[in-house]
Amino acid sequence: STYDNAGNLSPNFLQRITKYEGTRLGRQELHAELLEDIPGALWTRAILDDLRCAPMDVPELQRVVVAIDPPAKSGEDADEAGIIAVGLGVDGHVYVLEDSSKQATPTEWGTEAIALYKARSADRIVAEVNNGGEMVENTLRMIDPTVSYKAVHASRGKAIRAEPVSALYERRLVHHVGSFADLETQMTSFTQDFNREEAGYSPDRLDALVWAITELMIDGGEAVLENNPGV
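Residues numbered from 1 in each chain as written. Predicted model: local features only at pLDDT ≥ 70, side-chain atom pairs only at ≥ 80, totals over all residues. Heavy atoms only, no water.

Considerations on the overall build of the chain
Working step 1: Helices and strands together make up the secondary structure of the chain, namely ten helices and six strands.
Working step 2: Scored against the burial criterion, the 231 residues of the chain give a buried share of 48%.
Working step 3: Across the chain, contacts joining residues at least 24 apart in sequence account for 69% of those joining residues at least 6 apart. (Helix = DSSP H or I, 4+ residues; strand = E, 2+ residues; numbered from the N terminus. Buried < 20%, exposed > 50% of the residue type's maximum accessible area, 1.4 Å probe, protein only. Contact = heavy atoms within 4.5 Å.)

Considering the packing of helix α6 (residues 158–170) against helix α9 (residues 204–218)
Working step 1: In the contact formed by α6 and α9, the axes pass within 10 Å of each other and the chain directions differ by 60°. In terms of orientation, α6 lies oblique with respect to α9. For α6 against α9, the interelement crossing comes out left-handed. Together, Lys-158, Arg-161, Ala-162, Pro-164, Val-165, Leu-168 and Tyr-169 of α6 and Asp-207, Leu-209, Val-210, Trp-211, Ile-213, Thr-214, Met-217 and Ile-218 of α9 make up the contact between the two elements.
Working step 2: Split by residue class, the contact of α6 with α9 holds eleven nonpolar, one polar and three charged. (Axes fitted to C-alpha atoms, helices over the stretch in contact; angles between N-to-C directions. Parallel < 35°, antiparallel > 145°, perpendicular 65-115°, else oblique. Left-handed = near helix turned anticlockwise from the far one by under 90°. Nonpolar A, V, L, I, M, F, W, Y, C, P; charged D, E, K, R; others polar.)

Side note on the nonpolar core
Working step 1: Counting residues in hydrophobic clusters, the biggest one holds 34 residues, and the most contacted among them are Trp-43, Val-86, Val-96, Tyr-169, Leu-209 and Ile-213.
Working step 2: If you tally residues by element for this core, the top one is α9, at nine residues.
Working step 3: In this structure, Ile-68, Ala-104, Val-136 and Leu-140 belong to the second largest nonpolar core, which totals 24 residues. (Core = buried A, V, L, I, M, F, W, Y, C linked by side-chain atoms within 4.5 Å.)

Quick word on the confidence of the model for the chain
Working step 1: The pLDDT averaged across the chain works out to 84; a share of 80% of its residues lies at or above 70.
Working step 2: Below pLDDT 50 for its whole length, residues 222–227 participates in nine contacts with residues either more than four positions away or in separate chains. (pLDDT = per-residue confidence, 0-100.)

Points about α6
Working step 1: Over its 13 residues, α6 runs 18 Å from end to end, which matches the ideal 18 Å to within 8%, given 1.5 Å per residue.
Working step 2: Where α6 bends most, the angle comes to about 25°, and this point is Pro-164.
Working step 3: Along α6, the positions that sit buried rather than exposed are Ala-159, Arg-161, Ala-162, Val-165, Ser-166, Leu-168 and Tyr-169.
Working step 4: Note on α6: the residue one or two positions beyond its end, Arg-172, has a positive phi of about 65°. (Expected span 1.5 Å × (residues − 1). Bend = angle between axes of the 7 residues up to and from the residue.)

Topic: the sheet that holds strand β1 (residues 61–69)
Working step 1: Spatial strand order, β5-β4-β1-β2-β3-β6: six strands in an open sheet with mixed pairing. Taken across any chain shown, the strands that pair with only one partner, and hence form the sheet edges, are β5 (149–152) and β6 (174–176). Adjacent strand axes in the sheet meet at a mean angle of 25° when their direction is disregarded.
Working step 2: Where strand β3 (residues 94–99) lies against β6, three bridges are found, and the strand directions are parallel. Along β6, the bridge assignment pairs Val-94 with Val-174.
Working step 3: Helix α5 (residues 134–143) contacts β1, β4 (124–128) and β5 of the sheet and is inclined by roughly 165° relative to β5. (Pairing = 2+ DSSP bridges.)

Remarks on the packing of aromatic side chains
Working step 1: A full pass over the atoms with the stated rule returns one aromatic pair.
Working step 2: Look at Trp-43 and Tyr-169: their rings are 5.7 Å apart centre to centre, the planes differ by 85°, and that puts the pair in the edge-to-face class. Within this pair, whereas Trp-43 is found in the loop between α2 (24–29) and α3 (45–50), its partner Tyr-169 is found in helix α6, the two being separated by 126 residues in sequence. (Phe/Tyr/Trp six-rings, centres within 6.5 Å; stacked < 30°, edge-to-face > 60°.)

Digging into α9
Working step 1: Between its first and last C-alpha, α9 extends 20 Å over 15 residues, near the 21 Å set by a 1.5 Å rise per residue.
Working step 2: Within α9, 14 of the 15 residues are buried, leaving the element largely enclosed by the surrounding structure.

Focus on the pairing of β4
Working step 1: Counting buried positions over the five residues of β4 gives four, a clear majority of the element.
Working step 2: In this structure, β1 lies alongside β4, joined through four bridges in parallel fashion. Pairing of Ala-67 across the sheet is with Val-126, part of β4.
Working step 3: Note: β4 against β5, four bridges, orientation parallel.

What follows is the structure, encoded as structure tokens:
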């Protein structure tokens, strides 16, 4: 368990992870419990494992986006900032490349997102602005005025936004390049009636993933789907 291994872990990491004590995520990550899939979850571990690939299997990428789901506040009790890089391959499939999510101040998560944007030669940063408004863009522009940026607004609930993305996994169009333990735990714990208060955390990594894949495959991505006959 995390507690058994505490002597080998950084104090900052322990402070972040122990806030999940008492939640399903905490049972798995802190106490090393092997949990079965949740009935009704939009993703299962089996499908994620079946679609997983290695970096050498990723084709040439047509587009890469970095999506940010910023926390509503900063500080010790703040949620994480979801920061996910996703690419669209020439084969019409989507590849989840990297998860750089972290609990951080706006300047810290902005710096992290732009570093990922540059490292992955991304085409755009997409960020939800329901909570942050212009603050999100202003934060990014202060770090790098040249960054390509698009604001997105959540007009529907998390589950409604996530369902079309889940369907793309079922159609075998999305692949995780390697393993993303925290992201995948959020995915396989997410149901249509997900309740943040009961769960004890906000699925920020999942939200960022949904925004990224929506940008690549759903909002304006109809041509991509049309070019995948039979799926």
